[in-house]
Amino acid sequence: MQKRRATMFVVLAGVLWGIISIFVNALTGMGYTGVEICFARTVVCSVLLGIFLLIYDRELFKIRLRHIWMFIGTGIISLTLFCFCYFTTIINVEASVAVALLYTSPVFVMLFSALLFKEKIGTKKILAIILTVAGCGLISGFVGSGSTMSIGSLMIGIGAGFFYALYSIFGRYALAHYKPLTINFYTFLFASVGFMFIIKPSQYAHIFASDTKALGVIIVSGVVCGILPYLFYTIGLDHLDTSVAGVLVAVEPLVGCLVGIIGFNETTNPAKILGIVMILVSILVLSFEPGRKSNGD
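Residues numbered from 1 in each chain as written. Predicted model: local features only at pLDDT ≥ 70, side-chain atom pairs only at ≥ 80, totals over all residues. Heavy atoms only, no water.

(A) Molecular detail of the confidence of the model for the protein. Within the protein, residue pLDDT values average 83, and 87% of them lie at 70 or more. In the model of the protein, helix α10 (residues 205-209) stands out as the element of lowest mean pLDDT, 66, in contrast to helix α9 (residues 180-195), which has the highest, 94. Taken as a whole, residues 293-297 scores under 50 in pLDDT and shows 6 contacts with residues more than four places along the chain or in a different chain. (pLDDT = per-residue confidence, 0-100. Helix = DSSP H or I, 4+ residues; strand = E, 2+ residues; numbered from the N terminus. Contact = heavy atoms within 4.5 Å.)

Encoded structure:
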């Protein structure tokens, strides 16, 4: 039952990440760029979580200095660099290609998990990863579209998948010492710091100072598509193999595709439908995968 609940949490995280296009489209319609949205979202998430921890349990703020590398990992190395690579790919190539390259992440998660956590790479995991990567390619239109790109753009796009995968790895180490709320607060806090090396925060102060409508959208999206899914994913990660969680969360592009079709009248075709089915099958395959045993669960 614990494993099924963890599976549900990870899938729910993917669903909430998948509806982010609703908020992103609203904010881009107001004139904001992807980097502005990411920076404002991480700041809002860290502030909201900080306020919640002040009220709920201030002990959750406590971390050891020797563990700070874990949060540099989840925040700066994973979240900040993932956002930078992802939106750079969207700008330089196109969104569908960025999504396809992002979901090379299950492969990285599987390899790191086998190397660092001694997780077994069984037939079901390999099958699920193949179905997931191929399904994401079909949903995005990358497979069979004849799309071409430079080596540099390709590497940055794969970098998005690589850094996205690293949250699961650093998060696994952090879960050995801290609660999910603590991990998520410091992830967003360090991600906000990381963005300050990429942008000049003073240039984006107007989002917080004057545009109350945009700030409202950012706050709602920060809770619904930031705090909650990261919390759900981290909770699920504590009870599943890291590689399993990395594949289950690939429900995100599936949901994103459905949101586009239903909410924004985007076109559909047999390839997209096949991609959706392949991702659903990969989730079903992993739902019968044995739970994590490497840490004595």
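(B) Quick peek at the side chain of Thr88. Within the secondary structure, Thr88 sits in helix α4 (residues 68-92). Within the structure, the side chain of Thr88 is placed 2.6 Å from the backbone oxygen of Phe84, a separation counted as a polar contact. (Polar contact = N/O pair within 3.5 Å; in protein donor to acceptor, adjacent residues only side chain to side chain.)

(C) Quick peek at the state of the cysteines. Taken as a whole, this structure holds 0 disulfides when the rule is applied. Considering cysteine sulfurs only, Cys83 is the nearest to Cys85, which forms no disulfide, with 9.7 Å between them. The buried category is assigned to Cys85, whose relative accessible area is 8%. With no disulfide partner, Cys225 has as its closest neighbouring cysteine sulfur the one in Cys45, 9.4 Å distant. (Disulfide = S-S within 2.5 Å. Buried < 20%, exposed > 50% of the residue type's maximum accessible area, 1.4 Å probe, protein only.)

(D) Geometry of the pattern of salt bridges. Scanning all chains against the criterion turns up 3 salt bridges. Across the pair Lys62 and Glu59 runs a salt bridge, and its minimum N-O distance is 3.0 Å. We classify Glu59 as partly exposed; its relative accessible area is 49%. Notably, a salt bridge pairs Lys125 with Asp241, separated by 2.8 Å at the nearest N-O pair. Of the two residues, Lys125 is situated in helix α7 (residues 123-140) and Asp241 in the loop between α11 (212-237) and α12 (242-248); the sequence distance between them amounts to 116 residues. When salt bridges that share partners are traced, they join Glu119, Lys125 and Asp241 into one network. (Salt bridge = Lys/Arg side-chain N within 4 Å of Asp/Glu carboxyl O.)

(E) Spatial organisation of the packing of helix α8 (residues 151-175) against α11. α11 packs onto α8 with a crossing angle of 65° between their chain directions and a minimal axis gap of 10 Å. Comparing their axes, α11 and α8 come out roughly perpendicular. Here α8 runs over α11; the crossing is right-handed. Across the interface between the two elements, Tyr167, Ser168, Gly171, Arg172 and Leu175 from α8 touch Tyr230, Tyr233, Thr234 and Leu237 from α11. Counted by class, the contact of α8 with α11 contains 5 nonpolar, 3 polar and 1 charged residues. (Axes fitted to C-alpha atoms, helices over the stretch in contact; angles between N-to-C directions. Parallel < 35°, antiparallel > 145°, perpendicular 65-115°, else oblique. Left-handed = near helix turned anticlockwise from the far one by under 90°. Nonpolar A, V, L, I, M, F, W, Y, C, P; charged D, E, K, R; others polar.)

(F) Representation of α11. Counted at 1.5 Å a residue, the expected span for α11 with its 26 residues is 38 Å, and the 35 Å between its end C-alpha atoms agrees. Considering bend angle alone, the principal kink of α11 is centred on Gly222 and spans about 40°. (Expected span 1.5 Å × (residues − 1). Bend = angle between axes of the 7 residues up to and from the residue.)

(G) Broad picture of the packing of aromatic side chains. Scanning the entire structure with this criterion turns up 21 aromatic pairs. Residues Trp69 and Phe170 carry aromatic rings whose centres are separated by 6.2 Å and whose planes lie at 65° to one another, so their mutual orientation is edge-to-face. One end of the pair, Trp69, is in helix α4; the other, Phe170, is in helix α8, and 101 residues separate them in sequence. According to the relative accessible area criterion, Trp69 is partly exposed, its value standing at 38%. (Phe/Tyr/Trp six-rings, centres within 6.5 Å; stacked < 30°, edge-to-face > 60°.)

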